[in-house]
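So you can see what is in the structure, the chains are spelled out below.
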Number of protein chains: 2
Amino acid sequence: MARPIGQSPVTLHDVAREAGVSLATASRAINGSERKVKQDYRERVLAAAARLNYKPNRAAQAVARGSTMTVALLVGDIADPYFSSIAAGVISASEEAGLVVTMAATQRDPDRELDLVRAMVSQRPKILVVAGSRLTDDPNVAKLVDELTAFEASGGRVVMISQPELPFNTVVLDNVTGARQLAEHLLDLGYRSFAIISGAPTLMTSNERVQGFLDGLGAAGISIADENIVSTEFTRDGGYAGAQQLMESGLDHIELIFAVNDVMAVGAMSALREAGRELGTDIAVAGYDDIPTVQDVTPTLTTMRLPLVEVGRSAIQLAHASPPGLGPARTEISAAVILRASTPRIR
Amino acid sequence: MARPIGQSPVTLHDVAREAGVSLATASRAINGSERKVKQDYRERVLAAAARLNYKPNRAAQAVARGSTMTVALLVGDIADPYFSSIAAGVISASEEAGLVVTMAATQRDPDRELDLVRAMVSQRPKILVVAGSRLTDDPNVAKLVDELTAFEASGGRVVMISQPELPFNTVVLDNVTGARQLAEHLLDLGYRSFAIISGAPTLMTSNERVQGFLDGLGAAGISIADENIVSTEFTRDGGYAGAQQLMESGLDHIELIFAVNDVMAVGAMSALREAGRELGTDIAVAGYDDIPTVQDVTPTLTTMRLPLVEVGRSAIQLAHASPPGLGPARTEISAAVILRASTPRIR
DNA sequence: TTGAAAGCGTTACCAC
DNA sequence: GTGGTAACGCTTTCAA
């Protein structure tokens, strides 16, 4: 009596029949506004629904209502702690708002990104969050902007994380300022000669952090020779390779290596350690992001703290706060310098 | 001419009109089977769709077809590398199969888990993947099994990751065997006295690993005193706290601490290090899972390698391989001992 | 407050 | 092959 028989899930129709009311009433009692249905009817419907183990069909609701309760989230790589922390924030804020999160990973490929954005738009989510860095030479930006603009025109909300150059709501991470502050603090600690491990030359996040860092040093009259700025993959293994590359070309008078993100810094530290360098004494290292692991490596890593979970939450809040029609809104998230053992005072 | 005007997305209807064909033909040309529509009609429709920037409404397709193209994934905590690696596998395998992934996080709370399973069932996904460990005293198992059984009865496929006690398709991670192997290898290296940092006493994954480890030691006539088995949270901070607890109660003759997962092991290492213990020499540490970070901590961590991304992929493959109606199928994933610097040979 | 009925955007069956 | 049209499960007018 209770379980759905065979293949077909219970529909609202079944519930209405079981409760002896009309489809409309059943709908109102279960999903509609509070006021409209009389107490005993409502109870009868709810009881019937419970008895039959009824679950509203979300797809059908979406069609009927003309809108979903979905948040679509696009990340570069979910196994990367940067993205997984942001995702945790997006998921928790979404759940609180009764929204379901749909997720896809671009593997940092612009073509894939465009395809996936199209796939996500096809789901007609309420909110579309795009995390991950843009490339300066991204061949697809124009198309991307078109898709997203059309999506907004049709009532969806777009939120970009850290891509302020695009005309959408954005959670802004001021990488230039952050990296400059980091540089200043490192100068304070006495460091004077630096190397940088950066991502691909076209990767904007990487560029901004390099630029900010150089700005900070420049203000103190310090510069970095080109051969001491290497660019590799924006991953742990990239950092590892970058450190090796630096060591090959000497690394002689370098006191500190700035890796433009923590996973790269951690990889670099392993490469340096394996090469017999004493971290923190022979050579200092700093990163960016403050992913959880950097407290557990040795020495603990100096970095810029980005409240990543908060960033994810902010994306959802921004979407809710920004009225459609008005121009793009932004939430600025500021980073904080976290000095740890990898950069001891040296002068 | 090209862009959707105002609020309403382009529908198949619009495309049909633009192409001068019927709704049915438009549907067939765009989403239907290859054979049925003549070349020039198909081209006209496709051209019209492109011109209007048409995107099929997935929800409407789901209603009409009676099934979605969705995979629902339930994890404990997406920011935990164990889950995020599994999620990466689920996402990539799903994308390859043209499926969209929906995700939710239980925060390891059984009540939340049940609620979220209900919410996900409501989406009528094609596949529902439940990762995360079960509790021995889970008050909701019966209800959970009911929900999942009903979901399967209505045509969905369920896959559990590492919960072989439930009557569903399962990706089995043989924790008992894995932990036993680890113990054997550590005995080989000369270790004779051990402590364990475990998760909550009701957490099955934790229990299995403890049990397997004790089995392995027991076969060599070695046991562990109760006070040297502490139980804490199944997280990095739990591991940190567990190590502190062990140190308070002495840790005197202990040669090696086995933490039942890597994040706990990494936390424990930090606690030990901060307390001035020389890792690998004063005290050895081993973990379980082989999350990426364990190669970058110092010393590198001995652990059991679980191919986590592969585990996620297997879940989707299993769902596709297992015909509905037949009993639950299983895929066994075996773990491999990875000896690293945290457990040097000592005898 | 309730119920009948008209949608929502697609698919799929059934004639032509 | 193609087009008309009845579904799909639900929401939401519109009358009653």
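Residues numbered from 1 in each chain as written. Chains lettered and ligands numbered in written order. Predicted model: local features only at pLDDT ≥ 70, side-chain atom pairs only at ≥ 80, totals over all residues.

Draft legend 1. Just the overall build of chain A, in detail. The number of helices and strands found in chain A is twelve helices and twelve strands. Its C-alpha atoms give chain A a radius of gyration of 26 Å, clearly above 20 Å, the size a compact globule of 347 residues would have. Along the first, second and third principal axes, the C-alpha set of chain A runs to 85 × 40 × 35 Å. Taking all 347 residues of chain A together, 52% fall into the buried category. Relative to all contacts within chain A whose residues are 6 or more apart in sequence, the contacts with residues 24 or more apart total 73%. (Helix = DSSP H or I, 4+ residues; strand = E, 2+ residues; numbered from the N terminus. Rg over C-alpha atoms; globule rule 2.2 N^0.38 Å. Buried ≥ 20, exposed ≤ 12 C-beta atoms within 10 Å, placed from the backbone. Contact = placed C-beta atoms within 7 Å.)

Draft legend 2. Geometry of the protein's contact with DNA strand C. Near DNA strand C, the surroundings consist of 28 residues, among which A:Ser22, A:Thr25, B:Leu12, B:Asn57 and B:Ala64 are the closest. With five residues, the top contributor of residues to the surface near DNA strand C is helix α4 (residues 58–65) of chain B. Residue classes in the surface near DNA strand C are distributed as 14 nonpolar, ten polar and four charged. (Near = placed C-beta within 6 Å. Nonpolar A, V, L, I, M, F, W, Y, C, P; charged D, E, K, R; others polar.)

Draft legend 3. Up close: the sheet that holds strand β5 (residues 169–173) of chain B. Within the open sheet, the twelve strands sit side by side as β11(A)-β5(A)-β4(A)-β3(A)-β1(A)-β2(A)-β2(B)-β1(B)-β3(B)-β4(B)-β5(B)-β11(B). Their pairing is mixed. If you trace the sheet from one side to the other, it starts and ends with β11 (330–333) of chain A together with β11 (330–333) of chain B, each paired once. The mean angle between the axes of side-by-side strands here comes to 20°, regardless of whether they run parallel or antiparallel. As defined by bridge partners, strand β1 (residues 70–75) of chain A adjoins strand β3 (residues 127–130) of chain A across four bridges and the pair is classed as parallel. By the bridge assignment for β3(A), A:Val71 is matched with A:Ile127. (Pairing = 2+ DSSP bridges. Axes fitted to C-alpha atoms, helices over the stretch in contact; angles between N-to-C directions.)

Draft legend 4. Expanded view of the interface of chain A and chain B. With 50 residues of chain A at the contact, the number on the chain B side is 50 residues. Mapped by element, the contributors of at least two residues to the side of chain A that touches chain B are α4 (58–65), α5 (81–96), β2 (100–105), α6 (110–121), α7 (141–153) and α11 (262–274) of chain A. Partitioning the side of chain A that touches chain B into residue classes produces 24 nonpolar, 17 polar and nine charged. Relative to strand β2 (residues 100–105) of chain B, β2(A) runs antiparallel, the two being bridged by three bridges.

Draft legend 5. Examining the relation of the copies chain A and chain B more closely. Least-squares fitting of chain A to chain B yields an RMSD of 0.0 Å, with the superposition described by an axial translation of 0.0 Å and a rotation of 180°. On the angle and the small slide along the axis, the relation comes out as a two-fold axis. (Least-squares fit on C-alpha atoms with pLDDT ≥ 70 in both.)

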